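This is what each chain is made of:
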Amino acid sequence: MTQSWGPQPPATADGPEWRPELDIPGPGQQRRWTVLLRWLLLVPQFVVLCLLGIAAFFVTVAGWFAALVLGRLPDSIASFLGKYLAYETRIAASSMLLVDRYPPFALTAPDYPVQIELRPTTLNRLAVLFRLILMIPAAIIANLVTTGWFAIGWIFWIIGIVLGRLPGPVFGATAAVARYRMRFGAYLSMLSPVYPKGLLGDPPVAKEEARSATRPLVLDTAAKVLIWVFLVLGLITQIGSRSTGDHDMNGLANTPQVVHLAGRS
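Summarised in this report is the structure supplied together with it. (Residues numbered from 1 in each chain as written. Predicted model: local features only at pLDDT ≥ 70, side-chain atom pairs only at ≥ 80, totals over all residues. Heavy atoms only, no water.)

Attention now goes to the overall build of the chain. Scanning the chain for helices and strands turns up 10 helices and 2 strands. Counting from the amino terminus, the chain carries its helices and strands in the arrangement β-α-α-α-α-β-α-α-α-α-α-α. Per-residue burial over the chain gives 42% buried out of 265 residues. Within the chain, counting contacts between residues at least 6 apart in sequence, those at least 24 apart form 79% of the total. For the chain, the computed accessible surface area is about 13700 Å², with 69% contributed by carbon and sulfur atoms. (Helix = DSSP H or I, 4+ residues; strand = E, 2+ residues; numbered from the N terminus. Buried < 20%, exposed > 50% of the residue type's maximum accessible area, 1.4 Å probe, protein only. Contact = heavy atoms within 4.5 Å. Areas by Shrake-Rupley, 256 points an atom, 1.4 Å probe, with all protein chains shown as cover.)

This is the structure in structure tokens:
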């Protein structure tokens with residue numbers, strides 16, 4: 001269960017509506033000292049991710065033009081973007097306290113507990129052409145739910161230090177955020193034609209059909225309530241930051257430096 005991309009886009013049993021999947025083991029015991037220092041320990045990973053993100057941006061642009069012509073991503077572009085998305089997802093899962101194991105500095109990590117599955121498929125050229133417009137609603141949701149999680153992430157951090165693990169509802173809601181962000185990334189980079197879905201979890205299936213704790217991702221009521229809390233907090237945070245930003249800009253507009261720069265422009 002890792003990211004993969006075959007040489008040709010074959011038909012799948014699930015058809016065109018198959019969505020990228022995220023596999024994470026269930027909530028287990030974590031070392032308290034790694035929880036305490038989690039975000040500090042991940043600083044080198046954030047630096048590498050930032051550098052790779054610059055490359056991924058230009059590769060995505062090239063993939064957009066190629067997809068318009070071919071109706072699919074070229075294999076080399078899809079392979080790199082898939083590996084980048086998997087790397088980004090591993091770091092996100094670690095930073096959100098979903099796993100204790102430190103992510104490796106590698107684009108391919110088949111032994112790491114966090115895996116994503118992508119399947120090659122053809123793309124609708126019209127949907128590719130308008131991808132930046134079509135993605136806006138999903139981008140708003142991804143931004144709000146992520147901002148909301150980090151607004152109270154410090155509470156989960158304290159819980160993780162005290163208990164040495166995340167409670168089930170917190171784990172489920174957090175995994176839902178991580179999966180939605182991954183699916184949005186796959187849609188944005190044209191690794192999947194399917195619009196991001198499943199923020200509130202999946203329908204239950206028979207136990208023997210489950211692939212991991214997040215596949216399917218079955219959420220209880222508490223986890224779903226937490227996701228709505230993330231969305232509301234994200235909206236409040238965004239409104240507050242915009243209001244503060246507008247106030248700061250109004251204050252800066254009265255300074256001689258900004259007036260001078262405005263005059264030059």
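And the narrative resumes.
On to the pattern of salt bridges. Enumeration over the complete set of coordinates arrives at 8 salt bridges. Measuring nitrogen to oxygen at the nearest pair gives 3.3 Å for the salt bridge that ties R119 to E117. Owing to a relative accessible area of 14%, E117 belongs among the buried residues under this scheme. Of the charged contacts, one joins E117 and R215 as a salt bridge, the two residues approaching to 2.7 Å between their closest N and O atoms. Taken together, the residues span a long stretch of sequence, with E117 in strand 2 (residues 115–117) and R215 in the loop between helix 8 (168–188) and helix 9 (221–252) at a distance of 98 residues. A single salt-bridge network, built from bridges that share partners, covers D23, E117, R119 and R215. (Salt bridge = Lys/Arg side-chain N within 4 Å of Asp/Glu carboxyl O.)

It is worth spelling out helix 8 at this point. Here helix 8 contains 21 residues, and its C-alpha end-to-end distance of 30 Å stays within 8% of the 30 Å for a straight helix at 1.5 Å per residue. Among the 21 residues of helix 8, 17 are classified as buried, and the element is accordingly described as predominantly covered. Immediately downstream of helix 8, the backbone of M190 shows phi near 65°, a positive value. (Expected span 1.5 Å × (residues − 1).)

Per the counting criterion, the structure on display carries 8 aromatic pairs. Judged by centre distance (5.2 Å) and plane angle (75°), the ring pair of F57 and F58 falls under edge-to-face. In this structure F58 comes out as exposed when scored by relative accessible area, which is 55%. Arranged with centres 6.1 Å apart and planes meeting at 70°, the rings of F156 and F230 form a pair that is edge-to-face. Here F230 lies in helix 9 and F156 lies in helix 7 (residues 136–163), a separation of 74 residues in the sequence. Looking at F230, the relative accessible area reads 0%, which means it is buried. Of the aromatic side chains, those joined through ring pairs into one cluster are W149, F150, F156 and F230. (Phe/Tyr/Trp six-rings, centres within 6.5 Å; stacked < 30°, edge-to-face > 60°.)

This paragraph deals with the side chain of T147. Following the sequence through the fold, T147 ends up in helix 7. Within the structure, the side chain of T147 is placed 2.7 Å from the backbone oxygen of N143, a separation counted as a polar contact. In this structure T147 touches G234, T237 and Q238, once residues within four positions along its chain are discounted. (Polar contact = N/O pair within 3.5 Å; in protein donor to acceptor, adjacent residues only side chain to side chain.)

The next thing to look at is the packing of helix 4 (residues 75–95) against helix 8. Orientation of helix 4 relative to helix 8, taken along the N-to-C sense of each, is 160°, at an axis distance of 10 Å. On the basis of their axis angle, the class for helix 4 and helix 8 is roughly antiparallel. Note on packing geometry: the crossing formed by helix 4 with helix 8 is right-handed. For the pair helix 4 and helix 8, the contacting residues are L85, T89 and A92 in the first and R181, M182, G185 and A186 in the second. Taken together, the residues that form the contact of helix 4 with helix 8 break down as 4 nonpolar, 2 polar and 1 charged. (Axes fitted to C-alpha atoms, helices over the stretch in contact; angles between N-to-C directions. Parallel < 35°, antiparallel > 145°, perpendicular 65-115°, else oblique. Left-handed = near helix turned anticlockwise from the far one by under 90°. Nonpolar A, V, L, I, M, F, W, Y, C, P; charged D, E, K, R; others polar.)

Moving on, we get to the layout of surface pockets. Its boundaries defined by the atoms lining it, the largest pocket holds a volume of some 660 Å³. T60, F184, G185, L188 and S189 are, among the 26 residues lining the largest pocket, the residues nearest its centre. Looking at the lining of the largest pocket, the elements that each hand over two or more residues are helix 3 (43–70), helix 4, helix 6 (131–134), helix 7 and helix 8. Of the residues contributing to the lining of the largest pocket, the split by class is 16 nonpolar, 7 polar and 3 charged. (1 Å grid on protein atoms, 1.4 Å probe; cavity = no way out; pocket = protein on both sides within 12 Å on 5 of 7 lines; lining within 4 Å. Points joined across faces, edges and corners; volume = space filled by probe spheres on them.)

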